[in-house]
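For reference, the chains in residue letters:
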2 protein chains.
Amino acid sequence: MKDSTKTLEHRLSRIHTALRKEQFDEVDEIMAGLEAAEIALMLESLPPVERITLWERVPVEVDGEVLLHVHDEVRSTLIDDMDPAEIKAAAAGLDTTDLAELFDDLPQLVAEDMLRSMDELQRQRLEETLAFEEDSAGRLMRTDSIGVRADVSLETVQRFLRWKESVPDNTDALMVVDRNGLFVGTLPLARLVSHPPEMAVADLMDGDVKSIAMDMPTREVATLFQTHDLVSAPVVDVNGMLLGRIVIDDIVDVIRDNSEQALMNMAGLDEEEDLFAPVLPSAKRRAVWLGINLITAFLAAWVIGRFEAVLDQIVALAVLMPIVASMGGIAGSQTLTLAIRGLALGQISQTNSNWLMRKEIGIAALNGVGWSLVVAVLAVLWFGSIGIGLIIAAALVINMLAAGVAGIAIPLVLKRMGIDPALSGSVVLTTVTDVVGFMAFLGLATIFLL
Amino acid sequence: MKDSTKTLEHRLSRIHTALRKEQFDEVDEIMAGLEAAEIALMLESLPPVERITLWERVPVEVDGEVLLHVHDEVRSTLIDDMDPAEIKAAAAGLDTTDLAELFDDLPQLVAEDMLRSMDELQRQRLEETLAFEEDSAGRLMRTDSIGVRADVSLETVQRFLRWKESVPDNTDALMVVDRNGLFVGTLPLARLVSHPPEMAVADLMDGDVKSIAMDMPTREVATLFQTHDLVSAPVVDVNGMLLGRIVIDDIVDVIRDNSEQALMNMAGLDEEEDLFAPVLPSAKRRAVWLGINLITAFLAAWVIGRFEAVLDQIVALAVLMPIVASMGGIAGSQTLTLAIRGLALGQISQTNSNWLMRKEIGIAALNGVGWSLVVAVLAVLWFGSIGIGLIIAAALVINMLAAGVAGIAIPLVLKRMGIDPALSGSVVLTTVTDVVGFMAFLGLATIFLL
């Protein structure tokens, strides 16, 4: 086991080769030693045809777990390949929370059929879970928590647990509830095992524990787990009644998804995107982003077009103008990225955004002046015109200041408008730095050189 | 507590306002209800002067915890403000693992003084931890795990735990070792409490459990925790001797840092960067990245300069050329981002990179042809020249194909060279799409329009 992660890439290669050579015994042998999450990774790293070949060799009893571990888009391609009986078999081993996660991706007929074939209690639980909004605590919640009363002794608790003969995975604490089901605290197993059996639960329980409202967004739940170093936390309804618990391994997935999201959105991609999605749908999705950027590019071209007269006379301007736009774009994207991370971490509020703006303007001024000197000297040496040198220096300073201001202002404004700053921030920013860059450079040239 | 995260931004604003108005009673009142991680966030969201004012009001007994929760750069600014006695007091409450994390950031004299004032055992433990490489399992490891023997009964274990009167935080399992300290398995607390006391540890323990080599990189440890949904895992030396355990809340930090890293590195920033770093050092650091990009920009300008003749005659080319470069840059950055995420998740290996390349070429061809038609029509309408329309279409297709190939090839080559693809990928990619874009467009124009 010690070398399991080291050989991950190696095993990936072996599976790819075996699949290509159709050595299915070899494939099955490698798969036999893998966890569901590892099989999920193998499937994600295969193009459509090979992925389906491998998927059909995955034992049905792990199908459900594997489906939970792949990104949404890959999940759909896998479910599309299954017939209703297979889907039902895969879902059979899952608990309500996991089933609810898969449910939205199932073909409607299969979903309805599955609901009909469930017993009353199962169906009711699933419908209750599905009633919570996606990305709310209620959807992440497991209902397998063990409740005990505050007035019993530890010995009674232990007798009860021994009678049950098992405790659910990742249980680090029992939930203490009153006779009406109201949550009053937790009894960590670590305390239970290290204290005298005659003590009462009430004397030992943690009554000061964090409980989570069922409608709290999962992003906030994740922050809470990180801030308080939690392993599990109770979920309560508006009246404080215990509904269930949220466990750290589900939160780890939320944290990872959220950070993938910022990275992917900045390139106009969805974090659920399949690395091996077929060409046609991928091309379609990316076309949208390219189209939006084309508008930006034409806007910049239109700005340049306003200055045809000066470009017609001084060809050096055409040679140098991308430098002004590019340096502004780079400086702006640094500020933008810092602001996007700051917003994600909760470091930025209305009351400190002015400080931040002043800081970024300061940086832009220093780097603007510094690099504009370098660029000016190089431009003078290249084209032998001091006028061009002065003008590119001035344009560069202007554009980098604009980039600094835009890099802070754009994400703040987008956020207040309810738009994800990671998704649209970079397009808006590039528009600003292109337009300001070309306009400053060619405009100054028109005024002073024509 | 239920509204603790909802009011996070609100409290941030209140602290900012109170600090500005020097209402320190109000500041202290807000701070009193905060966890160390929340105080850390408050400090990170303040500019240098206000940060130090707040830092000096943080009670010394939480200083150590707060230092652990801030990013490295912020940590240095805080430590710089403390005198040796304060640093020693802050470190006093920390365990060896946490102390080791801080140790590298301490002024050398303070560090040496601290080592001298420790007792023998403490010093030895700290030196052992510091001997592990940074970002290895040994550095993350806690040495507070509780070991039991396989041949004793559950009742003996419980008696032992009750005698100890406490079990360390986040203990979900006891470690089972043989008489020589060799790790043989774990005994989950959940099993301990739900089975008859006369059973032997050997009959109940999990002997098939994942153990982690002390030199395993933390990134791999994080993958292991995610793949196997672990809460804690034993760490062993090369001989299989139990050294300690790694706990999920330290792994959550690793996961978050790793994903912040990709986002920040793509903009040439460090994930430890302080949002409110002073202007001068920030400007210096960013200057490096701007300088590298300036070389790229001048390279592109030089390419344009080769085609002065054609630009001098047809000014429309100067107007349209940024469109070709920009569309290539956008298309390329989408492919690059997908590849960088794929590499981070372990989805890409040598054996599937050809598949991936073919897919990206297909997408580039479809979008290249599609958007080049749009651009060609608009260019013809704008400048009334069919020649220019044909040439920009051809250049766009060429550049988007180049972007697709480069978007896959660059990160793979960088990774094989041991360079972080997130850090340098985008500069190299922009160089390719700028150079190819300008060269294709102006080169074709020189051949066919002059």
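The structure presented is a predicted model; accordingly, all values stated were derived computationally and were not measured.

As assigned here, chain A comprises domain 1 (8-134), domain 2 (147-265) and domain 3 (279-449). One C-alpha centre belongs to domain 1 of chain A, the other to domain 3 of chain A; they are set 46 Å apart.

As a further point, take the sheet that holds strand S5 (residues 232-236) of chain A. Residue and element names in this part refer to chain A. Spatially, the three strands line up as an open sheet ordered S4-S5-S6, and their pairing is mixed. The sheet is open, and its two borders are formed by strand S4 (212-213) and strand S6 (242-247), each paired with just one other strand. Judged from the five bridges that link them, S5 and S6 form a sheet pairing that is antiparallel. Bridge assignment links Ser 232 to a residue of S6, and that residue is Val 247.

Turning our attention to the interface of chain A and chain B. On the chain B side, the residues contacting the 131 residues of chain A number 130 residues. A buried area of about 12,300 Å², summed over both sides, lies between chain A and chain B, and 68% of it is on carbon and sulfur atoms. Counting every contact that joins chain A to chain B gives four salt bridges. Its residues placed into classes, the side of chain A that touches chain B shows 69 nonpolar, 36 polar and 26 charged.

It is worth spelling out the pattern of salt bridges at this point. Residues and elements named next belong to chain B. In total, this model carries 44 salt bridges over all chains according to the counting rule given. The shortest N-O distance in the salt bridge between Asp 113 and Lys 88 comes to 3.4 Å. Linking Asp 113 in helix H9 (residues 108-117) with Lys 88 in helix H7 (residues 84-92), this pair joins segments that are 25 residues apart in sequence. Residue Asp 113 is classed as partly exposed on the basis of its relative accessible area of 29%.

Residue and element names in this part refer to chain A. Averaged over every residue, the pLDDT of chain A is 91; the share at 70 or more is 98%. Here residues 1-6 scores under 50 on pLDDT; set against residues more than four positions off or in separate chains, the count is 15 contacts. Overall fold confidence (pTM) sits at 0.91, and the ipTM for the predicted complex is 0.91.

It is worth spelling out the sheet that holds strand S5 (residues 232-236) of chain B at this point. Residues and elements named next belong to chain B. Taken in spatial order, the three strands of this open sheet run S4-S5-S6, and their pairing is mixed. This sheet does not close on itself; its edge strands, each paired only once, are strand S4 (212-213) and strand S6 (242-247). In this structure, S4 lies alongside S5, joined through two bridges in parallel fashion. Within S5, the residue paired with Ala 213 across the bridge is Val 236.

Right, let's talk about the relation of the copies chain A and chain B for a bit. Rotating chain A by 180° and translating it 0.0 Å along the rotation axis places it on chain B, where the RMSD comes to 0.1 Å. Here the transformation between the copies is reduced to the relation of a two-fold axis. The residues that chain A uses at the interface reappear at the interface of chain B in 99% of cases, marking a shared surface.

All names here are of chain B. Between helix H3 (residues 36-44) and helix H5 (residues 60-69), the shortest axis-to-axis distance is 8 Å and the interhelical angle comes to 60°. Pair H3 / H5 crosses with right-handed handedness. Every residue of H5 that contacts H3 at Ala 36, Ala 37, Ile 39, Ala 40 and Leu 43 is listed here: Val 62, Glu 65, Val 66 and His 69. Looking at the contact of H3 with H5, its residues break down into seven nonpolar, one polar and one charged.

Glancing now at the environment of Phe24(A). With respect to the element layout, Phe24(A) can be found in helix H2 (residues 24-32). Excluding residues within four positions of it along the chain, Phe24(A) makes contact with Leu19(A), Thr53(A) and Arg57(A).

Our next topic: helix H4 (residues 48-55) of chain B. All names here are of chain B. The set of residues buried in H4 consists of Arg 51, Leu 54 and Trp 55. The arc that holds the buried residues of H4, viewed along the axis, is 100°, so those residues lie on one side. Turning to H4, the residues buried within the fold contact helix H1 (8-20), helix H2 (24-32), H3, H5 and helix H6 (72-80).

All names here are of chain A. Turning to its location among the elements, Ile 388 is positioned in helix H21 (residues 386-416). Along the sequence, Ile 388 and Arg 285 sit 103 residues apart, while their C-alpha atoms lie 42 Å from each other. Apart from the residues within four sequence positions on either side, Ile 388 is in contact with Ile 314, Ala 316, Leu 320, Ala 379 and Leu 449.

Attention shifts here to a nonpolar patch on the surface. A grouping of Val374(A), Val377(A), Leu378(A) and Leu381(A) is seen on the molecular surface, where their side chains present a nonpolar patch of about 350 Å² in accessible area. Relative accessible area serves as the criterion here: at 34%, Val374(A) is assigned to the partly exposed category.

Phe441(A) and Phe441(B) are the most contacted members of the largest nonpolar core, which has 90 residues in total. Beyond its immediate stretch of four places on either side in the chain, Phe441(A) contacts Leu317(A), Leu320(A), Met321(A), Val324(A), Ile391(A), Ile392(A) and Ala395(A).

So, about the packing of aromatic side chains. A full pass over the atoms with the stated rule returns six aromatic pairs over all chains. Between Trp382(A) and Phe298(B), the aromatic rings sit 6.4 Å apart at their centres with planes inclined by 35°, giving tilted as the arrangement. Pair noted here: Trp382(A) is in helix H20 (residues 353-383) and Phe298(B) is in helix H17 (residues 279-305), and the two residues belong to different chains. A residue is classified by how much of its surface remains accessible, and Trp382(A), at 29% relative accessible area, is partly exposed.

Before going further, it helps to spend a moment on the environment of Asp119(A). Residue and element names in this part refer to chain A. Mapped onto the secondary structure, Asp 119 falls in the loop between helix H9 (108-117) and helix H10 (120-131). One polar contact links the side chain of Asp 119 to the main-chain amide nitrogen of Leu 121, over a distance of 3.2 Å. Within the local environment of Asp 119, its side chain forms a polar contact with the backbone nitrogen of Gln 122, the two atoms lying 2.9 Å apart.

Take unusual backbone geometry next. Residue and element names in this part refer to chain B. A positive phi angle, close to 60°, is found at Asp 135, a residue other than glycine. With respect to the helices, strands and loops of the structure, Asp 135 is situated in the loop between helix H10 (120-131) and helix H11 (137-140). With phi around 70°, Glu 165 is a residue other than glycine that occupies positive phi space. Inspection of the secondary structure assignment puts Glu 165 in the loop between helix H12 (154-164) and strand S2 (173-177).

Turning our attention to the pairing of S6(B). S6(B) sits mainly inside the fold: five of its six residues count as buried. Turn length for the S5(B)-S6(B) hairpin, with the two strands adjacent in sequence and antiparallel, is five residues, and the turn residue Gly240(B) shows positive phi of about 90°.

Thresholds applied
- Residues numbered from 1 in each chain as written.
- Chains lettered and ligands numbered in written order.
- Predicted model: local features only at pLDDT ≥ 70, side-chain atom pairs only at ≥ 80, totals over all residues.
- Heavy atoms only, no water.
- Domains from an automatic or database assignment.
- Pairing = 2+ DSSP bridges.
- Helix = DSSP H or I, 4+ residues; strand = E, 2+ residues; numbered from the N terminus.
- Contact = heavy atoms within 4.5 Å.
- Buried area = accessible area lost by both parts, 1.4 Å probe.
- Salt bridge = Lys/Arg side-chain N within 4 Å of Asp/Glu carboxyl O.
- Nonpolar A, V, L, I, M, F, W, Y, C, P; charged D, E, K, R; others polar.
- Buried < 20%, exposed > 50% of the residue type's maximum accessible area, 1.4 Å probe, protein only.
- pLDDT = per-residue confidence, 0-100.
- Least-squares fit on C-alpha atoms with pLDDT ≥ 70 in both.
- Axes fitted to C-alpha atoms, helices over the stretch in contact; angles between N-to-C directions.
- Left-handed = near helix turned anticlockwise from the far one by under 90°.
- Arc of directions from axis to C-beta.
- Patch = residues over 30% accessible without salt bridge, like charges linked within 9 Å, V, L, I, M, F, W, Y side chains within 5 Å.
- Areas by Shrake-Rupley, 256 points an atom, 1.4 Å probe, with all protein chains shown as cover.
- Core = buried A, V, L, I, M, F, W, Y, C linked by side-chain atoms within 4.5 Å.
- Phe/Tyr/Trp six-rings, centres within 6.5 Å; stacked < 30°, edge-to-face > 60°.
- Polar contact = N/O pair within 3.5 Å; in protein donor to acceptor, adjacent residues only side chain to side chain.

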